[in-house]
Amino acid sequence: MIKVIITKDKDLYQKVEVTGHAMYADYGKDIVCSSVSSIVTTTVNGILSFDKDSLSYEVSENGLIISNIKDDNITQTLIKNMISLLKELSENYPDNVKVK
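Residues numbered from 1 in each chain as written. Predicted model: local features only at pLDDT ≥ 70, side-chain atom pairs only at ≥ 80, totals over all residues. Heavy atoms only, no water.

**Topic: the pairing of strand 4 (residues 63–67)**
Logical step 1: Of the two faces of strand 4, the one holding L64 and I66 is buried and the one holding G63, I65 and S67 is not buried anywhere.
Logical step 2: Alignment of strand 2 (residues 12–19) against strand 4, held across four bridges, turns out to be antiparallel. The residue bridging T19 from the neighbouring strand is G63, located in strand 4.
Logical step 3: Across five bridges, strand 3 (residues 56–60) lies against strand 4 in antiparallel orientation. Across the sheet, residue Y57 finds its bridge partner in strand 4, namely I66. (Buried < 20%, exposed > 50% of the residue type's maximum accessible area, 1.4 Å probe, protein only. Helix = DSSP H or I, 4+ residues; strand = E, 2+ residues; numbered from the N terminus. Pairing = 2+ DSSP bridges.)

**Notes on the sheet that holds strand 3**
Logical step 1: In spatial order, the strands read 3-4-2-1-5; together these five strands make up an open sheet with mixed pairing. Each end of this open sheet is capped by a strand with a single partner; those strands are strand 3 and strand 5 (97–99). Between one strand and the next, the sheet's axes are offset by a mean angle of 10°, whatever the strand orientation.
Logical step 2: With seven bridges joining them, strand 1 (residues 2–9) and strand 2 adopt antiparallel strand pairing. Counterpart to D9 in the pairing with strand 2 is L12.
Logical step 3: Sheet contacts for helix 1 (residues 31–50): strand 1, strand 2, strand 3, strand 4 and strand 5; angle to strand 4, the most-contacted strand, approximately 30°.
Logical step 4: Sheet contacts for helix 2 (residues 73–92): strand 1, strand 2, strand 4 and strand 5; angle to strand 2, the most-contacted strand, approximately 40°. (Axes fitted to C-alpha atoms, helices over the stretch in contact; angles between N-to-C directions. Contact = heavy atoms within 4.5 Å.)

**Quick look at the nonpolar core**
Logical step 1: Core analysis: the biggest nonpolar cluster contains 24 residues, and I2, V16, V36, V40, I66, I79 and M82 have the highest contact counts within it.
Logical step 2: When residues of this core are traced back to their parent elements, those giving at least two are strand 1, strand 2, helix 1, strand 4 and helix 2.
Logical step 3: Here this core gets seven residues from one element, more than from any other, and that element is helix 1.
Logical step 4: Every residue in contact with I66, bar those within four places of it in the chain, is listed here: Q14, K15, V16, V40, V44, L55, S56, Y57 and M82. (Core = buried A, V, L, I, M, F, W, Y, C linked by side-chain atoms within 4.5 Å.)

**Some thoughts on the side chain of H21**
Logical step 1: Note on placement: H21 falls in the loop between strand 2 and helix 1.
Logical step 2: Take H21: its relative accessible area is 11%, and that puts it in the buried class.
Logical step 3: In this view, H21 contacts M1, I2, Y27, D30 and C33; residues no more than four positions away in its chain are not counted.

**Some details on the packing of helix 1 against helix 2**
Logical step 1: Remark: helix 1 packs on helix 2, axes separated minimally by 10 Å, with the N-to-C direction vectors making an angle of 175°. The orientation of helix 1 with respect to helix 2, classified from their angle, is roughly antiparallel. Contacts from V32, S35, V36, I39, V40, T43, I47 and F50 of helix 1 reach helix 2 at I74, T75, L78, I79, M82, L85, L86 and L89.
Logical step 2: Within the contact of helix 1 with helix 2, the residues separate by chemical class into 13 nonpolar, three polar and no charged. (Parallel < 35°, antiparallel > 145°, perpendicular 65-115°, else oblique. Nonpolar A, V, L, I, M, F, W, Y, C, P; charged D, E, K, R; others polar.)

Here it is, written out as structure tokens:
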């Protein structure tokens, strides 16, 4: 299962951790895992295209951690949109994605 853990301080997103594998299908054929990867990668790349200092991210074999999320309208709005998309995906695939 893919787990998405969100850390907020009041209404500001501080950190997003994405770990695990969806286990919907075999590696390389898993549409749920691919969807999560696409949502997160597109969001991070989009934010960084506006401001390369708006967040930090670290990729490991366990997943991805997005941190040092800047308190500006564009960054916070795009992170909020990413989380909304991940929540929608988790509603459609509750056995494969969990957003906390």
